[in-house]
Amino acid sequence: MSATDTFVPRLPLGDWVAVFVEWLTATFKPFFAVVKDVLLGCYDALAAVLQGPPFLVVALVLAALAFFAKGWRLGVTALVGFVVIASVDQWDNAMDTLALVLVASAIALLIGIPLGIWAARNDTVSRVLRPVLDFMQTMPAFVYLIPTVIIFLTGAVPGIVATVVFALAPGVRFTELGIRQVDREVVEAGHAFGSTPGRILRQIQLPLAMPTIMAGVNQVIMLSLSMVVISGMVGAAGLGRDVVAALQRVNISLGFEAGLSVVILAIFLDRVTSALSTRSPVAKALAATAV
Amino acid sequence: MTASSTSTSTSTEPPTSTAPVLIPVETEPFPGAHGTDPLPDDRPVAVSVQGVYKVFGRRPQEAVRRLKDGAGRADVKSLGTAAVIDASFDVKQGEIFVVMGLSGSGKSTLIRMLNGLWKPTAGHVLLGDDDLATVNAKQLRALRRSRVSMVFQHFALLPHRTVLDNAAYPLEIQGMGKAERREKAQQALDLVGLGGWQDSLPSQLSGGMRQRVGLARALAADTDVLLMDEAFSALDPLIRREMQEQLLDLQQTLGKTIIFITHDLNEAMHLGDRIAVMRDGRTVQIGTAEEILSDPANDYVAQFVADVDRTRVLTAASVMVRPTAVVPLGGGPRVASRTMREAQVSAAYVVDRQRVLRGVVRDADAVALLKSSGDHATSIESIVHDGVAPVSVDTPLAELFAPAAESPLPVAVTDDKNRLVGVIPRVTLLEAMVPPTLEEPDAVGQDTTEDAPAPQDTTSTEGADA
């Protein structure tokens, strides 16, 4: 170590980033305040909706969602899973987590899908975005929590922001991939009959890319869930906080119960969103066989 | 009578003939491409391609400059890929113009410049009066909506829309109301034989039916110009044949200008009024199927056409020869028997003053009539057999074998007014099957096109003389 000290000068990269974050915090304080209010508002509202009604009502509604997305088997499985969560006394935490996941995923998709469309239509954007997305995805997830805590303090908001950054990449990537994969001839047909680029995007590219984009949505939600648990470390409410608490107190029973609830929630979200991706008009049309 | 008798008497058996220009050499087909129904030249030009280059790559303009200075495709490889080099041709309204070439010959790039999907690196593409090289994006869209539609190799249908909504797509882009465009789309579907399938999804149809939807979509757009990019190449041979016939039928009724891309020479020959053969980005020959077949521009084209099913491309008109034994209906038995004697045949075709084919007269009948009535007989009308089955000038050779085998005389060829314009001896039919050899490609082609007069002209002159 001392050997490197003598040959390679110490690069204060971390200090620079710290200074940058401080400058960011100071300069955009009003902006961050607005962001914080909006995110908190969304999260609180959603959590209230999920936690307000009695357990059975919410569980039945969610199970019904699973039923309509896939079928009765998934509906029943989901209901059983929710009962297990409630029986280990994690229902309120699970609904907090669900609210966080949904808000973070929605924001990640609102940013990610347009970025993906842009990248699909512009090679330069695609080339610039690729390393940025790589960086965002491979940076250890905990690291995002540090600047977000500085900017937004503790609670749900830094958790949401860190989650958005962490979960953004697949939304962008799958959208770009999906649009680029659309049959070149079909897009050409749109041009050949005099359609505008915007109309081609709406009527041809997005519908045909939808199965791939939905796979991206699924990935965004799953990544959000994993990150939301980690954001329990900065005091975001939900299952994550109990997991962190169990880790700190070496409490096996609490750790297992909270962890199992995360697993059940993950299975529910994964199955429902992947079922939705097979229900797009294109996926259904392609599944239809010759008569 | 004297005039017609001289005309028949000059028509001696070709191999021994020393007669002047009127009598072609036996093996020579009659000239002119009237078998493929040539278009009158006064039709307006629908699409004009003028000195068009397309180079993909880093320095396209520099590549074009060098190509214009005579560099080859390989010479400019470092500057870019020259997909199309100096293409020039005019497509007349109502014409089926086929661009034929192997993959990589630049034909797909060429067709995509005709509706502006690619912009030419140099040169002009005129669609009517509009130059696609200079219009802006908005004008280009307007042109595509109103003037030119396209059929794609892999159909390019929207999988999530019904057949009807696919066919209505161009009309939707044109801004037509829902009810109206659906009605028009339904008409287009009925036209291609897909009535009743309008509510199906493309994935529920077979390949041929999907391409019919593609065709209906292009027809629904109701543009004058129809671009077809390898439209039938993805279909199996039987369906392809069926689609070709349907396209020809539709073209007959609708009169669209069709520019058709294919790598299949038989398809090109079958469909095209004219064919442009492309190789390595250059057009090596433009001409009718028969011109390309009988007079290939170079060895490449010659090798290409060597495999062609000549019986389907060549028509009766291209192989028929001048009839040697023709008796005027008004002539007496003496004229008839002399004609047959001189031609050394035992029967002859009988035509009236308008050269309309009336039947056959046999030597025995003529002699019998001559004996029974002597020189009083002035007409052979009583001994003419009308059991003749003539073929029309545009009958493909493939359909001539049966009549040729059954007929004791060379097969009679008549035009649309039933006038006798030529005959096809069996030996001519067989000779036509042999591809022209590379050593003497001109022996068959050029002589016929330049020296010999058109058969119709000759017959009408003779008629006027009589």
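Thresholds, definitions, all that
- Residues numbered from 1 in each chain as written.
- Chains lettered and ligands numbered in written order.
- Predicted model: local features only at pLDDT ≥ 70, side-chain atom pairs only at ≥ 80, totals over all residues.
- UniProt positions renumbered as here; feature names shortened; annotations may be inferred.
- Helix = DSSP H or I, 4+ residues; strand = E, 2+ residues; numbered from the N terminus.
- Buried ≥ 20, exposed ≤ 12 C-beta atoms within 10 Å, placed from the backbone.
- Contact = placed C-beta atoms within 7 Å.
- Nonpolar A, V, L, I, M, F, W, Y, C, P; charged D, E, K, R; others polar.
- Pairing = 2+ DSSP bridges.
- Axes fitted to C-alpha atoms, helices over the stretch in contact; angles between N-to-C directions.
- Right-handed = clockwise from strand over helix to strand, strands pointing away.
- pLDDT = per-residue confidence, 0-100.
- Expected span 1.5 Å × (residues − 1).
- Bend = angle between axes of the 7 residues up to and from the residue.
- Parallel < 35°, antiparallel > 145°, perpendicular 65-115°, else oblique.
- Left-handed = near helix turned anticlockwise from the far one by under 90°.

Chain A carries the name Proline/glycine betaine ABC transporter permease in an unreviewed UniProt entry, which gives Oerskovia rustica as its organism. Taken directly from UniProt, the Sequence similarities (unreviewed entry) text for chain A runs: "Belongs to the binding-protein-dependent transport system permease family."

A. Up close: the overall build of chain A. Summing up its helical and strand segments, chain A has 14 helices and zero strands in all. Reading the helices (α) and strands (β) of chain A from amino to carboxyl end gives α-α-α-α-α-α-α-α-α-α-α-α-α-α. With the principal axes as the frame, chain A shows a C-alpha extent of 65 × 55 × 40 Å. When burial is assessed residue by residue, chain A has 41% of its 291 residues classed as buried.

B. Spatial organisation of the overall build of chain B. The helix and strand inventory of chain B stands at 20 helices and 16 strands. Burial analysis of chain B (466 residues in total) assigns 47% to the buried set. Of the contacts formed within chain B by residues at least 6 apart in sequence, a portion of 68% connects residues at least 24 apart.

C. Main features of the interface of chain B and chain A. Each side of the interface is counted separately: chain B has 23 residues, and chain A has 20 residues. Going through the elements one at a time, helix H4 (137-146), strand S6 (148-151) and helix H6 (169-174) of chain B are the ones with two or more residues in the side of chain B that touches chain A. Grouping the constituent residues of the side of chain B that touches chain A by class yields 13 nonpolar, seven polar and three charged.

D. Spotlight on the UniProt feature "transmembrane region" (unreviewed entry) in chain A. Residues and elements named next belong to chain A. UniProt records the feature "transmembrane region" (unreviewed entry) for residues 45-67, 74-91, 97-120, 141-169, 220-240 and 252-269 in the present numbering. Regarding residues 74-91, the helix share stands at 83% and the strand share at 0%, and the terminal C-alpha atoms are separated by 19 Å. Along residues 220-240 the backbone is 62% helical and 0% strand, and the end-to-end C-alpha distance reaches 18 Å.

E. Expanded view of the sheet that holds strand S2 (residues 81-92) of chain B. All names here are of chain B. The four strands are arranged S2-S1-S4-S5 in an open sheet whose pairing can be described as antiparallel. One side of each edge strand has no neighbouring strand; the edge strands of this open sheet are S2 and strand S5 (130-131). Here two bridges tie strand S4 (residues 122-127) to S5, and the two strands are oriented antiparallel to one another. The partner of Leu126 across the bridge, within S5, is Asp131. Against the sheet, helix H2 (residues 60-68) makes contact with strand S1 (45-56), S2 and S4, and its axis sits at roughly 110° relative to S1, the strand it touches most.

F. Structural context of the environment of Ser337 of chain B. Residue and element names in this part refer to chain B. Within the element layout of this structure, Ser337 appears in helix H15 (residues 333-343). Judged by local crowding, Ser337 falls into the buried class, with 21 C-beta atoms found within 10 Å. As a C-alpha pair, Ser337 and Ala347 span 10 residues in sequence and 9.0 Å in three-dimensional space. Those residues within four positions of Ser337 in sequence are excluded, and the remaining contacts are Asp363, Ala366, Val367 and Leu370.

G. Structural context of unusual backbone geometry. Non-glycine residue Val250 of chain A carries a positive phi angle of around 50°. One non-glycine residue with positive phi stands out, namely Gln344 of chain B, at about 55°. Relative to the helices and strands, Gln344 of chain B is located in the loop between H15 and strand S12 (347-351). Judged by local crowding, Gln344 of chain B falls into the exposed class, with 11 C-beta atoms found within 10 Å.

H. Structural view of the pairing of S12 of chain B. Residues and elements named next belong to chain B. Among the five residues that make up S12, five are buried, leaving the element largely enclosed by the rest of the structure. Pairing between strand S11 (residues 326-328) and S12: three bridges, direction parallel. Looking at the pairing, Pro328 lines up with Val351 of S12. Chirality of the crossover, the property in question, places the unit of S11, H15 and S12 among those that are right-handed. As consecutive antiparallel partners, S12 and strand S13 (residues 357-362) are separated by five residues, and within that stretch Arg355 has a phi angle of approximately 65°, a positive value.

I. Region of interest: the pairing of S6 of chain B. Residues and elements named next belong to chain B. Covered by surrounding structure in S6 are Val148 and Met150 together with Ser149 and Val151, the residues of both alternating faces. Inspection of the sheet shows S6 paired to strand S7 (residues 225-229) by four bridges, in the parallel sense. The residue of S7 that forms the bridge with Val151 is Met228.

J. Expanded view of the confidence of the model for chain B. Residues and elements named next belong to chain B. When the pLDDT values of chain B are averaged, the result is 79; 83% of them are 70 or greater. Confidence drops under a pLDDT of 50 for residues 1-39, and excluding neighbours within four residues, the segment shows 87 contacts in the predicted structure. Counting contacts from residues 439-466, a segment whose pLDDT is below 50, to residues more than four positions away or on other chains yields 42 contacts. In the model output, the complex is listed with pTM 0.72 alongside ipTM 0.76.

K. View of the sheet that holds S12 of chain B. All names here are of chain B. The strand order across the open sheet formed by three strands is S11-S12-S13, and the pairing between neighbours is mixed. The open sheet terminates on both sides in strands that have one partner only, identified here as S11 and S13. In this sheet, adjacent strand axes meet at a mean angle of 35° when their direction is disregarded. Pairing geometry for S12 and S13, over five bridges, is antiparallel. By the bridge assignment, Val351 is partnered in S13 with Leu357. The strands touched by helix H16 (residues 363-373) within the sheet are S12 and S13, with S13 carrying the most contacts at an inclination of about 75°.

L. Inspection of helix H10 (residues 184-192) of chain A at higher detail. Those residues of H10 of chain A not exposed but buried are Ala189, Gly190, His191 and Ala192 of chain A. Where H10 of chain A is buried, its residues contact helix H11 (197-230) of chain A together with H4 and S6 of chain B.

M. Layout of H11 of chain A. For H11 of chain A, spanning 34 residues, the distance from its first C-alpha to its last is only 42 Å, which falls clearly below the expected 50 Å at 1.5 Å a residue. Largest kink in H11 of chain A: about 60°, centred on Met210 of chain A, with the proline Pro211 of chain A one to four residues after it.

N. Local environment of the confidence of the model for chain A. Across chain A, the average pLDDT comes to 88, with 97% of residues at or above 70. Highest mean pLDDT in chain A belongs to helix H6 (residues 91-121) of chain A (93); lowest belongs to helix H1 (residues 2-7) of chain A (63).

O. Representation of the packing of H6 of chain A against helix H12 (residues 239-249) of chain A. Residue and element names in this part refer to chain A. The geometry of H6 relative to H12 is characterised by a closest axis approach of 7 Å and an angle of 120° between their N-to-C directions. Across from Asn93, Ala94 and Thr97 in H6, the residues of H12 making contact are Leu239, Gly240 and Asp242. Residue composition of the contact of H6 with H12, grouped by class: two nonpolar, three polar and one charged.

P. Highlighting the packing of helix H7 (residues 178-191) of chain B against helix H8 (residues 207-220) of chain B. All names here are of chain B. Look at H7 against H8: their axes get within 8 Å of each other, and the N-to-C directions meet at 130°. In terms of orientation, H7 and H8 fall into the oblique class. Two packed elements cross with a definite hand, and for H7 against H8 that hand is right-handed. For the pair H7 and H8, contact is made by Lys184, Ala185, Ala188, Leu189 and Leu191 and by Ala216, Leu219 and Ala220, respectively. For the contact of H7 with H8, the residue count by class is seven nonpolar, no polar and one charged.

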